[in-house]
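In case you want the letters, here they are:
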Amino acid sequence: MDEHRSSISKRERLRKRRDFLEIYGTGEKLHTPYFVLFLSKNALLHHRLGITVSRKIGSAVVRNRIKRRLREIFRRNKESVSPSSDLVVNVKKRAATASSSELERAFLEAARRRGQGGKS
């Protein structure tokens, strides 16, 4: 299987704190029951994703499972988000007990709400 199809590449990941802070400051904020999604346009030709999961959410196993699920959801659905966007996902405690399908539904609904005011 092609690695680019099974995971997101390094260029598609947000890693630097200043990038996260810039998106928090300038991005559109969309609330869901499981996470807060920050979306911001970028000058690149691809999307970038950053995920934050607080220790309050659970153990390292739980936090890593949530991050894996969200990366997979992003990989499968990045076409649903407008082109050249940076996304930061701040996970809420409720995500620890959510199924992958519930997380995916919330991600798609937030992506659809973008451009319609974004506030819920």
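Residues numbered from 1 in each chain as written. Predicted model: local features only at pLDDT ≥ 70, side-chain atom pairs only at ≥ 80, totals over all residues. Heavy atoms only, no water.

Q: So what about the environment of Arg 68? Which residues, and what values?
A: With respect to the secondary-structure elements, Arg 68 resides in helix 3 (residues 60-77). The partly exposed category is assigned to Arg 68, whose relative accessible area is 47%. Sequence spacing of Arg 68 and Ile 51 is 17 residues, and the spatial spacing of their C-alpha atoms is 9.9 Å. (Helix = DSSP H or I, 4+ residues; strand = E, 2+ residues; numbered from the N terminus. Buried < 20%, exposed > 50% of the residue type's maximum accessible area, 1.4 Å probe, protein only.)

Q: Which residues make up the pattern of salt bridges, and what values go with them?
A: As enumerated under the stated definition, the model contains 5 salt bridges in all. The salt bridge partner of Glu 12 is Lys 78, with a shortest N-O separation of 2.5 Å. Taken together, the positions of Glu 12 in the loop between helix 1 (3-6) and helix 2 (17-26) and Lys 78 in the loop between helix 3 and strand 4 (85-91) put the pair 66 residues apart, joining distant regions of the chain. We note that Glu 12, like Lys 78, is buried. Residue Glu 72 pairs with Arg 76 through a salt bridge whose shortest N-O separation is 3.5 Å. Highlighted residues: Glu 72 and Arg 76, both in helix 3, separated by 4 residues, approximately one helical turn. The exposure class of Glu 72 is partly exposed, given its relative accessible area of 26%. Three or more residues are tied together by salt bridges with common partners; here these are Glu 72, Arg 75, Arg 76 and Glu 104. (Salt bridge = Lys/Arg side-chain N within 4 Å of Asp/Glu carboxyl O.)

Q: Can you tell me about the nonpolar core, naming the residues and giving the values?
A: Membership of the largest hydrophobic core comes to 25 residues, with the highest contact counts inside it found for Phe 35, Leu 37, Leu 87, Val 89 and Val 91. Mapped by element, the contributors of at least two residues to this core are strand 2 (35-41), strand 3 (48-52), helix 3, strand 4 and helix 4 (100-113). Looking at which element gives the most residues to this core, the answer is helix 4, with 5 residues. Contacts of Val 89, omitting those with residues within four sequence positions, involve Phe 35, Val 36, Leu 37, Leu 49, Gly 50, Ile 51, Thr 52 and Leu 70. By size, the runner-up hydrophobic cluster in this structure holds 6 residues, among which are Phe 20, Val 36, Phe 38 and Val 88. (Core = buried A, V, L, I, M, F, W, Y, C linked by side-chain atoms within 4.5 Å. Contact = heavy atoms within 4.5 Å.)

Q: Residues and numbers for the sheet that holds strand 4, please.
A: Sheet architecture is open: 4 strands sit in the order 1-2-4-3, paired in mixed fashion. Two strands bound the open sheet, and with one partner strand each, they are strand 1 (28-31) and strand 3. Taken pair by pair, the neighbouring strands of this sheet meet at an average axis angle of 20 degrees, ignoring direction. When strand 2 meets strand 4, the two strands line up antiparallel, connected through 7 bridges. When the bridges of strand 4 are listed, Ser 40 appears paired with Asp 86. (Pairing = 2+ DSSP bridges. Axes fitted to C-alpha atoms, helices over the stretch in contact; angles between N-to-C directions.)

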